[in-house]
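One letter stands for each residue in the lines below.
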Amino acid sequence: HARVLRGADGEPTGILQIHDTSLAVLRAILPFPQPRAEELCEALRLGVRHAAASGVTSIQGPLDILPKSQFEAWAAIDAGGELAVRYFAWGRIGAPEEFEELGRRFRGLDRSRFGFLGLKAFLDGVISDRTAALLKPYSDARGERGGLQYSDEQIFALVREARRRGYQSVLHAVGDRAARQALDAFEAAGTAAPPDKAPRRASTPDLRTPGTAALPG
């Protein structure tokens, strides 16, 4: 669900609080246009050129929007000899079969340039709209601690399955409660696959407390 945050005077603050970050929900709240194939290719060319000019040689990222069209664009600029970076994609942790199907569909891509690396999940939101999951309430909002997108049982099972399939688990965990859940999920996954085949990572921790301080920023 979504909620407009308001200040003490009752006026909107400009922050829209969204607890469900699935694309279906976001598109219903904030519709955005579908780019044409040539627009995707041109945007990708510009991004690749900028990355190469800046000394960036490797890119990772989630396939949230139009994954098939994204890979068709990558394939098109690769065929034109314009690919100057390596790209490693993340799928959705709840849809590993969909990610594997993309890998089969684009198996002709040069795997030294393209990789189907990991599966991504958002465990919580962000600090600014108080959707990051905290162990203690927000200092400016009594009783609010944000919320987790998954129960422990759900995310433990998803991380275990990702590991079994040989994928990294990439967990967005901003709040300390989400970071703790991420670490617990990694521990619970155990030895479902060799560690060198499926390393695990938690991304964007903004708030760290004892027990989560070792997470990267």
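One can find the structure itself at the top, above this paragraph.
Okay, so let's go over this structure. (Residues numbered from 1 in each chain as written. Predicted model: local features only at pLDDT ≥ 70, side-chain atom pairs only at ≥ 80, totals over all residues. Heavy atoms only, no water.)

## A few points about the pattern of salt bridges
The condition that has to hold: Take a side-chain nitrogen of Lys or Arg and a carboxyl oxygen of Asp or Glu: if they are within 4 Å of each other, that pair is a salt bridge. In this description a helix means any DSSP run of H or I spanning at least four residues, a strand means any run of E spanning at least two, and both kinds are numbered starting from the N terminus. Here's how the labels work: a residue is buried when its accessible area is under 20% of the maximum for its type, exposed when over 50%, partly exposed in between, all with a 1.4 Å probe on protein chains only.
Counted according to the given criterion, the structure contains 13 salt bridges. Note that glutamate 42 is salt-bridged to arginine 45, the shortest N-O span being 3.6 Å. Residue glutamate 42 and its partner arginine 45 are both found in helix 2 (residues 37-53); the two are separated by 3 residues, about one turn of the helix. We classify glutamate 42 as partly exposed; its relative accessible area is 35%. The partner of glutamate 82 in a salt bridge is arginine 45, and the shortest N-O contact between them spans 3.0 Å. Of this pair, glutamate 82 sits in the loop between helix 3 (67-79) and strand 4 (86-92) while arginine 45 sits in helix 2, and the two are 37 residues apart along the sequence.

## Looking at the nonpolar core
Inclusion rule: Buried Ala, Val, Leu, Ile, Met, Phe, Trp, Tyr and Cys residues that are joined via side-chain atoms within 4.5 Å together make up what is termed a nonpolar core. Note on contacts: a residue pair is in contact if any heavy atoms of the two residues lie within 4.5 Å.
Within the largest apolar cluster, 38 residues are counted, with the highest numbers of intra-cluster contacts made by Phe71, Trp74, Leu123, Ile155, Val159 and Leu171. Of all elements in the fold, only helix 2, helix 3, strand 4, helix 4 (96-105), strand 5 (114-122), helix 5 (152-164) and helix 6 (176-189) reach the threshold of two or more residues within this core. Sorting elements by how many residues they give to this core places helix 6 first, with 6 residues. When neighbours within four sequence positions are excluded, leucine 123 is seen to be in contact with Gly147, Leu148, Gln149, Tyr150, Ile155, Leu171, His172, Ala173, Ala178, Gln181 and Ala182. One finds Ala132, Leu134, Ala141 and Val174 within the second-largest nonpolar core, a separate group that totals 5 residues.

No statement about biological role is implied by the geometric values presented.
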